[in-house]
Structure formats: C-alpha cells, structure tokens
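Working through the structure, step by step
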Amino acid sequence: MSGINQDIMVNINNVCKSYGQLEVLKDINFSVAKGEVVVICGPSGSGKSTLIRCINRLEKINSGEIIVDDISIQNPKTKIVDISKNIGMVFQDFNLFPHMTVLKNITFAPVKVKKLKLKEAKAIATKLLERVGILDKADQYPSSLSGGQKQRVAIARSLAMQPELILFDEPTSALDPEMVGEVLSVMRDLADDGMTMIVVTHEMGFAREVADEVIFLDDGVLIEKTTPEDFFNNPNHKRAQEFLSQIL
Ligand code: ADP
Ligand code: MG
C-alpha cells in the first residue's frame, strides 16, 4: 500500500556488513522520520563511518535492506545518480574540489547531475553561500579558506542538490576548536529548517540540544537508540556509561 510509511525517511533493516572476516555492522535496525535529526556516537572503530557510508552506498552491505525515501539503496538496479540526488554527504575532511572555486564547487553537481542551467545553479549557489555566511568567498579557491569556511562550503554544496537527507561524518573533528561553533550553528539552522539529518559526532552539546534521537554503536552493535535526555541522564548500558564518562 502506498503512503503507509509517509513519515519515514530512512529504514535500516537487519543490516550486516563485513570487511573480509571482520564483522563491522551486526544486524543494525532503525528508522529515521522525515525532519528528524539522529546523532550517532560510539567509540572509535565501532562502525559509525561504515554505517553512514552504507546509507549512500559508498560501501555495499552484505545483507539486510536500506531504504531512503522509498529508494532501495542496496538494489543493484538503483542508479548511483538517484542516490546522490537524494542524499547529501558532509565528510570530516571536507572533500572539496581543490581546482574549482567555491562557487564552482557548489554549481558543479547540480549542472552535471541534475542538468540545471548554469545560471540557475549559480542563483541557488549564491543563496546558499549567503545562508552559510560566506558569499564573499564565492570566487576564491578552497585552499584560501579556513577549515570552518571549507566545511560551510561543503554543507552548501550538499544543499545545492536539494537532498531529502544529509549524512554528516564527524563534520567538526578536523576543525580548530574556535571554528567548531560556526559549523554547528549552520547545522542547527538546517535542523530547525526541517532537514532530515544523520550526524556522526562527538559534540555532545549538539546531540543534547539538536538531536531528536541518539544512537550508540559499540563494536558494530546498535546498543541504544533513545532520546538525548535518556541517553545522557540514564544510559542503560555499561558501555554507553563508560563512553560518556570518557567524553563528557
Ligand atoms: P568508526 O567510524 O566508528 O571509527 P569505522 O566504520 O571507520 O568506525 O570502522 C569500523 C571497523 O571497520 C574498524 O575496525 C575499521 O578498522 C574497519 N574498517 C573500516 N573501513 C575498512 C575498510 N575499507 N577495509 C577494512 N576494514 C575497514
Ligand atoms: Mg569514523
């Protein structure tokens, strides 16, 4: 029946992922509603990046099912362009195109993938640069920007595709401390605007204030999925308690 999952954006069912003999994701199940912000945290090596990368098929899963906005991600018939039109990704190390200006970084995919006219793409990019507060950098190259500015360009670039979902993998981990706030503030605005977001981060202040739910991964197992209040005030599992005591 159509429309039954109208308010679900992401469905992860029984997802398992191994690299050779190493089981990295062990029977992961969760869903994300439209407009929800989910923070994923957990120790280093617990599978957070792998999980994020499976959601936009940068990695293939071994079994299970991932559905984003009614698109079956693991289905080999699903085209990668249909995934990249719908799912934005912001990486720890920005991944900007170094040989393109800031403006070109943002207009490139809409023109190439969505077949927008350059003029249209430029108009969108200009609005987005204004929104993330760096319109004055439009004609510069990434190498001349600070880390915080680079990450704001990366966010604007993913927004330019008008995605249904944005995945963030430790977007502030490579930044100098004084630049973390400007990036989190852009992310907070996006969340307030109703964007569906899955965010891997160690920024527990952001998790507490912005997340609708927090997922705790440990050794490839989804141990908790709960509200931030619950997670921070009475984490159920010993591993989550240990993690929080180290990080807070
Ligand atoms: P996290 O992001 O939580 O630190 P990752 O998802 O990066 O964890 O890694 C989970 C586990 O998978 C780690 O043991 C890591 O060494 C391993 N791993 C990650 N990527 C690969 C890969 N491409 N090939 C083999 N092992 C990998
Ligand atoms: Mg990682």
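Data block above holds the structure.
Residues numbered from 1 in each chain as written. Chains lettered and ligands numbered in written order. Predicted model: local features only at pLDDT ≥ 70, side-chain atom pairs only at ≥ 80, totals over all residues. Heavy atoms only, no water.

1. As for the site of ligand 1
To keep things clear, this is the line we draw: Proximity is defined per residue: any heavy atom of the residue falling within 4 Å of a molecule or strand makes that residue near it. Whenever two N or O atoms come within 3.5 Å, that pair is a polar contact, provided that in protein one can donate a hydrogen and the other can accept it, and provided that, for residues adjacent in sequence, both atoms are side-chain atoms. All accessible-area figures derive from a Shrake-Rupley calculation using a 1.4 Å probe, and residue coverage is judged against the displayed protein chains alone. Numbering of helices and strands starts at the N terminus; helices are DSSP runs of H or I of at least 4 residues and strands are runs of E of at least 2. Classification used: nonpolar for Ala, Val, Leu, Ile, Met, Phe, Trp, Tyr, Cys and Pro, charged for Asp, Glu, Lys and Arg, polar for all others including Gly.
Around ligand 1, the neighbouring residues are Tyr19, Leu22, Val24, Pro43, Ser44, Gly45, Ser46, Gly47, Lys48, Ser49 and Thr50. Between ligand 1 and the protein, one listed contact pairs an oxygen atom with a backbone N or O atom of serine 46 at 3.2 Å. One of the side-chain N or O atoms of lysine 48 is found 2.7 Å from an oxygen atom in ligand 1. Burial of ligand 1 by the surrounding chains reaches 58%, relative to a free accessible area of 560 Å². Top element by residues in the shell around ligand 1 is helix H1 (residues 48-55). It accounts for three residues. In terms of residue class, the shell around ligand 1 is built from four nonpolar, six polar and one charged.

2. Quick notes on the side chain of threonine 107
Threshold: Between two residues, a contact is recorded if the distance between any of their heavy atoms is within 4.5 Å.
Tracing the backbone shows threonine 107 in helix H3 (residues 102-112). Among residues more than four places away in sequence, those in contact with threonine 107 are Leu118, Ala121, Lys122 and Ala125.

3. As for the sheet that holds strand S7 (residues 165-169)
What counts, and what does not: Strand pairing is assigned whenever DSSP detects at least two bridges linking the two strands. Where helices are involved, their axes are fitted lines through C-alpha atoms of the stretch in contact, as for all axes, and angles between N-to-C directions lie from 0 to 180°.
Across the sheet, six strands lie side by side as S6-S7-S8-S3-S9-S10; this open sheet has mixed pairing. Both edges of this open sheet fall to strand S6 (87-90) and strand S10 (221-226), since each of them pairs with a single strand only. If you compare each strand with its neighbour and ignore which way they point, the axes differ by 15 degrees on average. Of the strands in this sheet, S6 and S7 are in contact with helix H5 (residues 147-159), which crosses S6 at around 170 degrees. Sheet strands touched by helix H6 (residues 177-192): strand S3 (37-41), S7 and strand S8 (196-200). Its angle to S8, the strand with the most contacts, is close to 145 degrees.

4. Let's talk about the nonpolar core
One broad trend across soluble globular proteins is that nonpolar side chains are buried collectively. Rules: The set of buried Ala, Val, Leu, Ile, Met, Phe, Trp, Tyr and Cys residues whose side-chain atoms join them within 4.5 Å is what this entry labels a nonpolar core. A simple rule labels every residue: compare its accessible area, found with a 1.4 Å probe on the protein chains alone, to the largest value its type can have, and call it buried under 20%, exposed over 50%, or partly exposed in between.
One finds Ile155, Phe168, Met187 and Met197 to be the most contacted residues of the largest nonpolar core, which totals 48 residues. When residues of this core are assigned to their parent elements, the largest contribution, eight residues, is made by H6.

5. Comments concerning the packing of aromatic side chains
Heads up, the condition is: Pairing of aromatic rings covers Phe, Tyr and Trp, the last counted by its six-membered ring, and requires centre-to-centre distances within 6.5 Å; plane angles under 30 degrees mean stacked, over 60 mean edge-to-face, and any other angle means tilted. Two thresholds decide whether a charge sits over a ring: the Lys NZ or Arg CZ must be within 6 Å of the ring centre and within 35 degrees of the ring normal.
Tallied over the entire structure, the rule returns four aromatic pairs. When the ring of phenylalanine 97 is compared with that of phenylalanine 108, the centres are 5.6 Å apart and the planes differ by 70 degrees; the resulting orientation is edge-to-face. Residue phenylalanine 97 is found in the loop between S6 and H3, and its partner phenylalanine 108 is found in helix H3; the two are separated by 11 residues along the sequence. For phenylalanine 97, a relative accessible area of 28% gives the class partly exposed. Here the aromatic rings of phenylalanine 231 and phenylalanine 232 are separated by 5.3 Å at their centres, their planes lie at 75 degrees, and the arrangement is edge-to-face. Exposure class is identical for phenylalanine 231 and phenylalanine 232. Each is buried. Aromatic rings pair up to connect Phe216, Phe231, Phe232 and Phe243 into one cluster. Over the ring of phenylalanine 97 we find arginine 157, and its NZ or CZ is 4.9 Å from the ring centre.

6. Here we look at the pairing of S7
Our working rule: With its strands directed away from the observer, a crossover is right-handed exactly when the path from the first strand over the helix to the second travels clockwise.
The buried count for S7 comes to five of five residues, which makes it a mostly enclosed element. Across the two faces of S7 the burial is the same, with Leu165, Leu167 and Asp169 and Ile166 and Phe168 all buried. Bridging between S6 and S7 involves four bridges; their strand directions are parallel. The residue of S7 that forms the bridge with glycine 88 is isoleucine 166. Handedness of the crossover joining S7 and S8 through H6: right-handed.

7. Considering the environment of arginine 208
Along the polypeptide, arginine 208 turns up in helix H7 (residues 204-210). In this structure arginine 208 comes out as partly exposed when scored by relative accessible area, which is 44%. Here the alpha-carbon distance between arginine 208 and valine 68, two residues 140 residues apart in the chain, equals 25 Å. If we skip the residues at most four places from it in the chain, arginine 208 touches Pro228, Phe232 and Asn233.

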